[in-house]
Protein chains: 2
Amino acid sequence: MARIVMKFGGTSVADLDRIRHVAALVKRHIERGDETAVVVSAMAGETNKLVSWARELSPLHDAREYDVVVAAGEQITAGLLAIALSAIGVDARSWLGWQIPLRTSGMHGSARIVGIDATLLDERLSKGQAAVIAGFQGVAPDDRISTLGRGGSDTSAVAIASALRADRCDIYTDVDGIYTTDPRIVPRARLLPRVAYEEMLEMASLGAKVLQTRSVEIAMLYQVPVRVLSTFDAESEGTLLCDEEDIMEKKPVTGIAYSRDEAKITLHRIPDQPGVAAAIFGPLADAGVNVDMIVQNVSEDGRRTDLTFTVSRSELSRSLDAIEKAAAAIGYRDVTSAADVAKVSIIGIGMRAHPGVAQTMFLTLAEKGINIQVISTSEIKVSVLIPEEYVELAVRALHSAYELDAE
Amino acid sequence: MARIVMKFGGTSVADLDRIRHVAALVKRHIERGDETAVVVSAMAGETNKLVSWARELSPLHDAREYDVVVAAGEQITAGLLAIALSAIGVDARSWLGWQIPLRTSGMHGSARIVGIDATLLDERLSKGQAAVIAGFQGVAPDDRISTLGRGGSDTSAVAIASALRADRCDIYTDVDGIYTTDPRIVPRARLLPRVAYEEMLEMASLGAKVLQTRSVEIAMLYQVPVRVLSTFDAESEGTLLCDEEDIMEKKPVTGIAYSRDEAKITLHRIPDQPGVAAAIFGPLADAGVNVDMIVQNVSEDGRRTDLTFTVSRSELSRSLDAIEKAAAAIGYRDVTSAADVAKVSIIGIGMRAHPGVAQTMFLTLAEKGINIQVISTSEIKVSVLIPEEYVELAVRALHSAYELDAE
């Protein structure tokens, strides 16, 4: 017997047949004597429909009303799954954010969880009743419905698992776990039985879309064992997120991530003097742009130099506007930009113990004739910016070089 | 300046364009300085979709979960209308049943309103903010979402108007008011500027589908002036429901209603003795059948007689089953039934003051060769059961006979 939180995303509850399938998966846990809470997303497509309605009525809609509209999606799934469970003899009830209550900040549309009162859930779970919880939603300090932002159901599930002191949080999805890299690019990619929280955090924020970054942060902070597994493949054991110490064999590199959502901006001939970085990145921050990689060339004459940084593609034009407006304060000669770039990253907690890991990356890319435009590193990852057309080649070459290929 | 509750049904909010149209109607009241609350139904089709999902998963679903699922429909409309109002500069916020709170009984799926705390609504209305209220829903004693049963948004609107001490409750619908009879059958039917609550109650329960019966009961009980008018015809003044005293000219008959949802059952040669009615109608009540008209012939020999009663068509086979099971206790010779019958009723508070009103009905029908099978009367109505094929003819003839035709 264990206490388990199961989470099912939109594709897993896309229609009534899939909801019945999910009910059968939940029933297995109940029959095993597990205390089981289930967190559900809206049926696939439902959230997009509701969001588009709100946007069409008013692009600048009140976020509180947006929350009222979109939270209905998860409410519907929660009620339907509770009905499907009762139909196969499982005692179940649905829980909405305000009923738990799951309290959030007042930032409607992208609220943060501030506290979960687990008393009522706890009471029902210990009586053997399955709790079916509407994900993605909570109640704000103004007693109105709040939502956690896109992908928020993962965050709901992990936070609820923490509040319930669950033995595990199982995130059911349409892939069967975390792979060494994207199997669509590298057919020999391998399923990882275990991944450290920190690695997952780097992978999530580097473009692997399996888990929402915030849910991984919460799992790491509150030490929630999270398992990622497939709704549709009952045989797969999936991937367990765990502490670094719980991973026995540490290869230097665990996985390879990539992101095409990159754009590069270079400011030519800026003054090589204190304060210039602030003059550039201050206006960008004010414009709400997230700057990722930054590299500044060594000045040749000690007076003028070039500076390159990356932003996401959707923020490129906004970034260029902000730079142009600050032209006088920065004092550059001219600006160039490119959107045909991509970021490739190697990630692994083993890096800490293995020197020379980055060197293998640089050599491998050089052998394939791939030019590195920008480099950024952290303790457990190395990212490089390369021309987008080389992404597949680079990922495959690195996957082999770090001995990640399946036999 | 007045305090107004406006109610819009599913066809009035069927898509984003209609929601924008409703927002414009609300804005007119706000600009006039009216304190305005708006009660909305789910977008047309939405409730049916949600109900069919719940039924498909389990015909015998938990009514509490059914409520969670279907209440989402009104929630979505309320949020969208609040957004549409803000978009045209009207300060508005949505209210869900549990937020008001509108408290109901614990009969999930067909709950009754037990109390409305108008404090919060009152505060916002007096500040000039439009309140957009999700109709059809409330919160049950178990702090879970409850719904009032089909058509419950009318009831929500009238009850909220009463709690807010509103000057009027305007029910917007796809017809432009209450007519002397169905204009599809009688093209010369006239719009009634005023109808007494009691008359409307008879009309509503006799098959005129404009307003839900319970909403009229509440309006009568709490003296809420209700106006029925068209969402799509801005010129129409609609029909005002009011007290009998507020109607100056009282014709003997105000309107003619009909219902095709009728079936007739006759028990032949039942014992003419005390207790036989109980032996018949007890088992029917136990089977949940609503018996409407009842007529018992005078016994010829003082020992055996025939008894005829009507039920709705959908309950005919259930009724026959119940009668058959109770055959021994009743002691009839045989049973006959017919579903090709219809009920036609004349309604009018003026009947009280005008003798001979029923006689005109009987003569009119006789002149057209229409045989009356069963008669039932109350203080302000006379209903007759006739062969269904004569419905249109009967309604038209009566409409002329009582001088209801438009010039």
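This one's a predicted model, so the numbers in the text were calculated from it and none came from an experiment. (Residues numbered from 1 in each chain as written. Chains lettered and ligands numbered in written order. Predicted model: local features only at pLDDT ≥ 70, side-chain atom pairs only at ≥ 80, totals over all residues.)

Our next topic: the overall build of chain A. The helix and strand inventory of chain A stands at 12 helices and 18 strands. Relative to the globule expectation of 22 Å for 407 residues, the C-alpha radius of gyration of chain A, 24 Å, shows essentially globular dimensions. Its C-alpha atoms give chain A principal-axis dimensions of roughly 75 × 55 × 30 Å. For chain A, restricting intrachain contacts to residue pairs at least 6 apart in sequence, the fraction spanning at least 24 positions comes to 75%. (Helix = DSSP H or I, 4+ residues; strand = E, 2+ residues; numbered from the N terminus. Rg over C-alpha atoms; globule rule 2.2 N^0.38 Å. Contact = placed C-beta atoms within 7 Å.)

Let us look at the nonpolar core. Val38, Leu81 and Val132 of chain A together with Val38, Leu81 and Val132 of chain B are the most contacted members of the largest nonpolar core, which has 256 residues in total. Setting aside its immediate chain neighbours within four residues, Val38 of chain B contacts Met6, Phe8, Val26, Leu81, Ala130, Ala131, Val132 and Ile133 of chain B. (Core = buried A, V, L, I, M, F, W, Y, C linked by C-beta atoms within 7 Å. Buried ≥ 20, exposed ≤ 12 C-beta atoms within 10 Å, placed from the backbone.)

When chain B is fitted to chain A, the best match, at an RMSD of 0.1 Å, comes from turning it 180° and sliding it 0.1 Å along the axis. Both copies are brought into coincidence by an operation consistent with a two-fold rotation axis. Ranked by how close their C-alpha atoms come to the rotation axis, the residues of chain B are headed by Ala72 of chain B, at 2.6 Å. In this assembly the copies share their binding face: 100% of the residues contributing to the interface of chain B also contribute to that of chain A. (Least-squares fit on C-alpha atoms with pLDDT ≥ 70 in both.)

What follows concerns the domain arrangement of chain A. All names here are of chain A. Each assigned domain of chain A is listed with its residue range as follows: domain 1 (3–245) and domain 2 (256–401). If you average the C-alpha positions of domain 1 and of domain 2, the two centres end up 34 Å apart. Contacts between the two partners involve 14 residues from domain 1, matched on the other side by 14 residues from domain 2. When its residues are assigned to classes, the side of domain 1 that touches domain 2 shows seven nonpolar, three polar and four charged. (Domains from an automatic or database assignment. Nonpolar A, V, L, I, M, F, W, Y, C, P; charged D, E, K, R; others polar.)

What follows is about helix 5 (residues 152–163) of chain B. Residue and element names in this part refer to chain B. End to end, helix 5 covers 16 Å across 12 residues, agreeing with the expected 16 Å (1.5 Å per residue, within 8%). Burial of helix 5 is extensive: 12 of the 12 residues sit out of reach of the surface. Three or more residues of helix 5 are buried, namely Gly152, Ser153, Asp154, Thr155, Ser156, Ala157, Val158, Ala159, Ile160, Ala161, Ser162 and Ala163. Following helix 5 by one or two positions, Arg165 adopts a phi angle in the positive range, close to 50°. (Expected span 1.5 Å × (residues − 1).)

Glancing now at the sheet that holds strand 3 (residues 92–95) of chain A. By way of backbone hydrogen bonds, the strands of a sheet pair with one another, either parallel or antiparallel. All names here are of chain A. If you trace the eight strands from one edge of the open sheet to the other, you get 3-6-2-1-9-11-12-10, paired in mixed fashion. At either end of the open sheet lies a strand with only one pairing partner, and these are strand 3 and strand 10 (194–196). Adjacent strand axes in the sheet meet at a mean angle of 20° when their direction is disregarded. Sheet topology places strand 1 (residues 3–8) next to strand 2 (residues 35–40); six bridges connect them, and they run parallel. By the bridge assignment, Ile4 is partnered in strand 2 with Thr36. (Pairing = 2+ DSSP bridges. Axes fitted to C-alpha atoms, helices over the stretch in contact; angles between N-to-C directions.)

Counting from both sides, the interface comprises 27 residues of chain B and, opposite them, 27 residues of chain A. Listed by contribution, the elements that provide at least two residues to the side of chain B that touches chain A are helix 1 (16–31), helix 2 (46–57) and helix 3 (63–87) of chain B. Counting residues per element, the side of chain B that touches chain A draws most heavily on helix 3 of chain B, at 14 residues. Looking at the side of chain B that touches chain A residue by residue, the classes come out as 16 nonpolar, seven polar and four charged.

Each pair of packed helices gets described by two things: the angle between the helix axes and the distance between those axes. Residues and elements named next belong to chain B. Taken N-terminus to C-terminus, the directions of helix 2 and helix 3 make an angle of 160°; their axes are 8 Å apart at the nearest point. Taken together, the axes of helix 2 and helix 3 lie roughly antiparallel to each other. In this structure, the crossing between helix 2 and helix 3 has a hand that is right-handed. Along its contact with helix 2, which presents Glu46, Thr47, Leu50, Val51, Trp53 and Ala54, the element helix 3 presents Tyr66, Val69, Val70, Ala72 and Gly73. In the contact of helix 2 with helix 3, the residues fall into eight nonpolar, two polar and one charged. (Parallel < 35°, antiparallel > 145°, perpendicular 65-115°, else oblique. Left-handed = near helix turned anticlockwise from the far one by under 90°.)

So, on to the environment of Glu198 of chain B. Residue and element names in this part refer to chain B. If you trace the backbone, Glu198 turns up in helix 6 (residues 197–205). Residue Glu198 is classed as buried on the basis of its 20 C-beta neighbours within 10 Å. Not counting the four nearest positions on each side in its chain, Glu198 is found in contact with Met220, Glu244, Ile349 and Ile380.

In this structure, Pro101 of chain A follows Ile100 of chain A across a cis peptide bond, with omega equal to -15°. Considering the arrangement of structural elements, one finds Pro101 of chain A in the loop between strand 3 and strand 4 (102–104). The phi dihedral of Arg269 of chain A is positive, around 55°, even though this residue is not glycine. The topology assignment puts Arg269 of chain A in strand 13 (residues 255–271). On the basis of neighbour counts, which here come to 15 C-beta atoms within 10 Å, the residue Arg269 of chain A falls in the partly exposed class. Positive phi values are uncommon outside glycine, yet Arg165 of chain B reaches one of about 50°. Since 11 C-beta atoms lie within 10 Å of it, Arg165 of chain B is described here as exposed.

Residue and element names in this part refer to chain B. Pairing in this open sheet of six strands is antiparallel, and the strands run 14-15-13-16-18-17 from one edge to the other. Looking along the sheet, the strands with just one partner apiece sit at the ends: strand 14 (294–296) and strand 17 (374–378). With direction set aside, neighbouring strand axes in the sheet form an average angle of 25°. Note: strand 16 (residues 334–347) against strand 18 (residues 381–387), seven bridges, orientation antiparallel. When the bridges of strand 18 are listed, Val341 appears paired with Pro387.

All names here are of chain A. Two elements, strand 9 (residues 168–173) and strand 11 (residues 226–230), share five bridges in a ladder whose sense is parallel. Pairing of Asp170 across the sheet is with Arg227, part of strand 11. Judged from the three bridges that link them, strand 11 and strand 12 (residues 239–242) form a sheet pairing that is antiparallel. The residue bridging Val228 from the neighbouring strand is Thr239, located in strand 12.

What follows concerns the pairing of strand 9 (residues 168–173) of chain B. All names here are of chain B. The buried count for strand 9 comes to five of six residues, which makes it a mostly enclosed element. Judged from the five bridges that link them, strand 1 (residues 3–8) and strand 9 form a sheet pairing that is parallel. Considered in strand 9, the bridge of Ile4 is made with Arg168.

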